[in-house]
Amino acid sequence: KVWLEFNRRNLQRPLKIPWYAGIRFNAYLGNDLGWCLYVNGCYEPNEFRALKGILRPGMVCVDGGSNEGLFALFMARLTGQQGTVLAVEPSPRECERIRANLRLNQLTNVRLVSYALADQAGELSLQLSGYTHEGQNTLGQFVYPDVKSIGNVKVQGIALDDLLAQEKLERVDVLKLDVEGAEFKALTGAARTLERDHPYLLIELHDGALRHQGASAAETVSLVRRYGYSIYSFSAETGQPVRAEADAALSPNILAIHSSRPWEPN
């Protein structure tokens with residue numbers, strides 16, 4: 001009833017809710033993330049479980065397309081004060097919500113930067129999504145018909161390789177990308193990082209969204225494989241990551257693990 005009332009009145013008031021690993025979160029009921037956390041009590045549980053088996057104290061992580069910061073908060077908790085999390089989010093609205101969540105959790109090992117990950121530097125136009133689907137902002141076009149635009153904002157694009165140099169981060173251990181169709185371009189702009197660090201990758205893979213930005217799911221997977229990665233898809237039956245052979249059907253999010261990185265499905 002609370003969620004229905006919030007949506008009926010288009011309320012922009014967050015509800016503070018407890019979550020995993022001692023995290024507290026400002027849940028906005030006008031978006032998919034808030035709905036999942038408030039109504040269902042979880043969000044992408046398979047992906048978070050996989051990350052839990054990967055993250056270690058002292059790791060350096062990048063949360064590309066941080067939205068309201070849930071992944072960044074989780075990474076920060078599990079990597080500890082010796083770790084560093086770079087939260088990358090272009091939307092001014094979502095950046096304010098990330099800052100509020102960082103204050104709420106008193107986390108000091110997260111750096112928030114307002115950029116759009118891309119293949120090169122330059123000004124870009126970000127389409128902002130409206131109430132009920134806030135957070136599905138995109139540099140391309142919305143892929144679901146019920147997602148409505150409330151306008152566009154100019155944002156600064158940057159290649160991840162250049163951003164890491166700017167932030168004086170000499171390595172990346174974990175890279176999460178959920179950038180609403182810009183994943184191929186973001187990976188293209190991370191060539192030095194992929195070649196040098198072989199970070200664990202958690203990537204959203206939506207063929208329709210990628211095609212709106214001149215790429216495809218197949219091209220994105222092929223790009224990752226060229227760097228020596230194996231692809232893991234989340235099983236619809238068990239939720240466990242399962243190694244995917246070439247041309248196999250893949251889950252909406254995938255893990256990519258380089259042969260140099262220790263890892264076993266948990």
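Residues numbered from 1 in each chain as written. Predicted model: local features only at pLDDT ≥ 70, side-chain atom pairs only at ≥ 80, totals over all residues. Heavy atoms only, no water.

(A) Main features of the sheet that holds strand S10 (residues 200-204). Here 8 strands make up an open sheet; going across it, the order is S5-S4-S3-S9-S10-S13-S11-S12 and the pairing mixed. Single-partner strands in this sheet number two, and they are strand S5 (110-113) and strand S12 (241-243). Across the sheet, the mean angle separating the axes of adjacent strands is 20 degrees when strand polarity is ignored. Direction of pairing for strand S3 (residues 60-64) relative to strand S4 (residues 84-88): parallel, over a ladder of 5 bridges. The partner of Gly-64 across the bridge, within S4, is Val-88. In the packing of helix H3 (residues 45-54) onto the sheet, the strands contacted are strand S9 (174-177), S10, strand S11 (229-234), S12 and strand S13 (253-258), and the crossing angle to S13 comes to about 20 degrees. (Pairing = 2+ DSSP bridges. Helix = DSSP H or I, 4+ residues; strand = E, 2+ residues; numbered from the N terminus. Axes fitted to C-alpha atoms, helices over the stretch in contact; angles between N-to-C directions. Contact = heavy atoms within 4.5 Å.)

(B) Just the packing of aromatic side chains, in detail. Applying the stated criterion to the full structure yields 7 aromatic pairs. With centroids separated by 6.3 Å and ring planes inclined at 70 degrees, the aromatic side chains of Trp-19 and Tyr-20 adopt a geometry described as edge-to-face. Overall, Trp-19 belongs to the buried group, its relative accessible area being 16%. Since its relative accessible area comes to 41%, Tyr-20 is described here as partly exposed. Ring geometry for Tyr-232 versus Trp-263: centroids 4.8 Å apart, planes at 75 degrees, classification edge-to-face. (Phe/Tyr/Trp six-rings, centres within 6.5 Å; stacked < 30°, edge-to-face > 60°. Buried < 20%, exposed > 50% of the residue type's maximum accessible area, 1.4 Å probe, protein only.)

(C) Highlighting helix H4 (residues 70-79). With 8 of 10 residues buried, H4 lies mostly within the body of the structure. Every buried residue of H4 is accounted for by Leu-70, Phe-71, Ala-72, Leu-73, Phe-74, Met-75, Ala-76 and Thr-79. Following H4 by one or two positions, Gly-80 adopts a phi angle in the positive range, close to 75 degrees.

(D) Spatial organisation of the sheet that holds strand S7 (residues 122-129). One open sheet holds the 3 strands; their spatial order is S6-S8-S7, and the pairing between them is mixed. In the strand order of this sheet, the two ends are held by strand S6 (116-118) and S7, each with one partner. Across this sheet, the average inter-strand angle for adjacent strands is 45 degrees, counted without regard to direction.

Coordinates in, geometry out; function isn't part of it.
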